[in-house]
Amino acid sequence: MTSQLHKFDKRSARDMLVGAGLRPTRQRLSLAELLFAKGDRHVSAERLHEEAERVSVSVSLATVYNTLHQFTEAGLLREVAVEGTKTYFDTNVSDHYHFFMEDEGKVVDIPGGMRVSELPEVPEGMEITRVDVVVRLRKKAC
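The end-to-end C-alpha distance of helix α5 (residues 61-73) is 18 Å, a good match for the 18 Å that 13 residues give at a rise of 1.5 Å each. All of the buried residues in α5 are Val 64, Thr 67, Leu 68 and Phe 71. In an axial view of α5, the angular spread of the buried residues amounts to 100°, which keeps them on one side of the axis. On its buried face, α5 is in contact with α2 (10-19), α3 (26-36), α4 (45-54) and β3 (87-90).

Here we take up the environment of Phe 36. Looking at the secondary structure, you find Phe 36 in helix α3. Taking the C-alpha atoms as reference points, Phe 36 and Asp 9, 27 residues apart in sequence, are found 8.8 Å from one another.

Turning our attention to the sheet that holds strand β2 (residues 78-81). Taken together, 3 strands build an open sheet; the order of strands is β1-β3-β2 and the sheet is antiparallel. Of all the strands in the sheet, just β1 (42-43) and β2 have a single pairing partner and so form its edges. Bridge count between β2 and β3: 4 bridges; the pairing is antiparallel. Of the residues in β3, the one forming a bridge with Glu 79 is Phe 89.

Right, let's talk about unusual backbone geometry for a bit. Phi at Ser 56 takes a positive value of approximately 65°, unusual for a residue other than glycine. Note on placement: Ser 56 falls in the loop between α4 and α5. Judged by its relative accessible area of 67%, Ser 56 falls in the exposed class. The residue Glu 118 is not glycine, and still its phi comes out positive at about 55°. Positionally, Glu 118 belongs in the loop between β5 (106-109) and β6 (134-137).

So, about the environment of Ser 30. Mapping Ser 30 onto the fold places it in helix α3. By relative accessible area, which is 8% here, Ser 30 ends up buried. Remark: the alpha-carbon pair of Ser 30 and Asp 9, spanning 21 residues in sequence, is separated by 9.0 Å. When sequence neighbours within four positions are dropped, the list of residues in contact with Ser 30 reads Lys 10 and Val 57.

Another point: the sheet that holds β5. Here 3 strands make up an open sheet; going across it, the order is β5-β4-β6 and the pairing mixed. Strands with a single pairing partner mark the edges of an open sheet, and in this sheet they are β5 and β6. Neighbour-to-neighbour, the strand axes of the sheet open up by a mean angle of 25°, direction not taken into account. Here strand β4 (residues 98-101) pairs with β5 via 4 bridges, running antiparallel. Among the inter-strand pairings, Phe 99 is bridged to a residue of β5, identified as Val 108.

Parameters and conventions
Residues numbered from 1 in each chain as written. Predicted model: local features only at pLDDT ≥ 70, side-chain atom pairs only at ≥ 80, totals over all residues. Heavy atoms only, no water. Helix = DSSP H or I, 4+ residues; strand = E, 2+ residues; numbered from the N terminus. Expected span 1.5 Å × (residues − 1). Buried < 20%, exposed > 50% of the residue type's maximum accessible area, 1.4 Å probe, protein only. Arc of directions from axis to C-beta. Contact = heavy atoms within 4.5 Å. Pairing = 2+ DSSP bridges. Axes fitted to C-alpha atoms, helices over the stretch in contact; angles between N-to-C directions.

Here it is, written out as structure tokens:
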């Protein structure tokens, strides 16, 4: 997988966007390259906006938010809500769970996974599409 990471560029981004049914605009291509060239990661809109500014990609924070939500709707990202107003976007869209490091404001995958059992009965005509688990961590008080 490491060799694929180094090869992710605008062409890879274009193929990914077209494959997901999204028009490959300049801003989408630039943001996709920033997001996916580093492999699996969890990023906030603010953090991605900072990264874009650092490499001279001219994009507003509102456009970053809109693009992240479009990528999520297209199945390219997974949204991880950790607080009412704080959302991270995960480039790994497989079924997995997360730790939220409260002291650092950081989301990481739970290594080795975990099993969720005894799910509730769902109302008639409904189905479970995904189970999100965020385990909140903080350093122990001394």
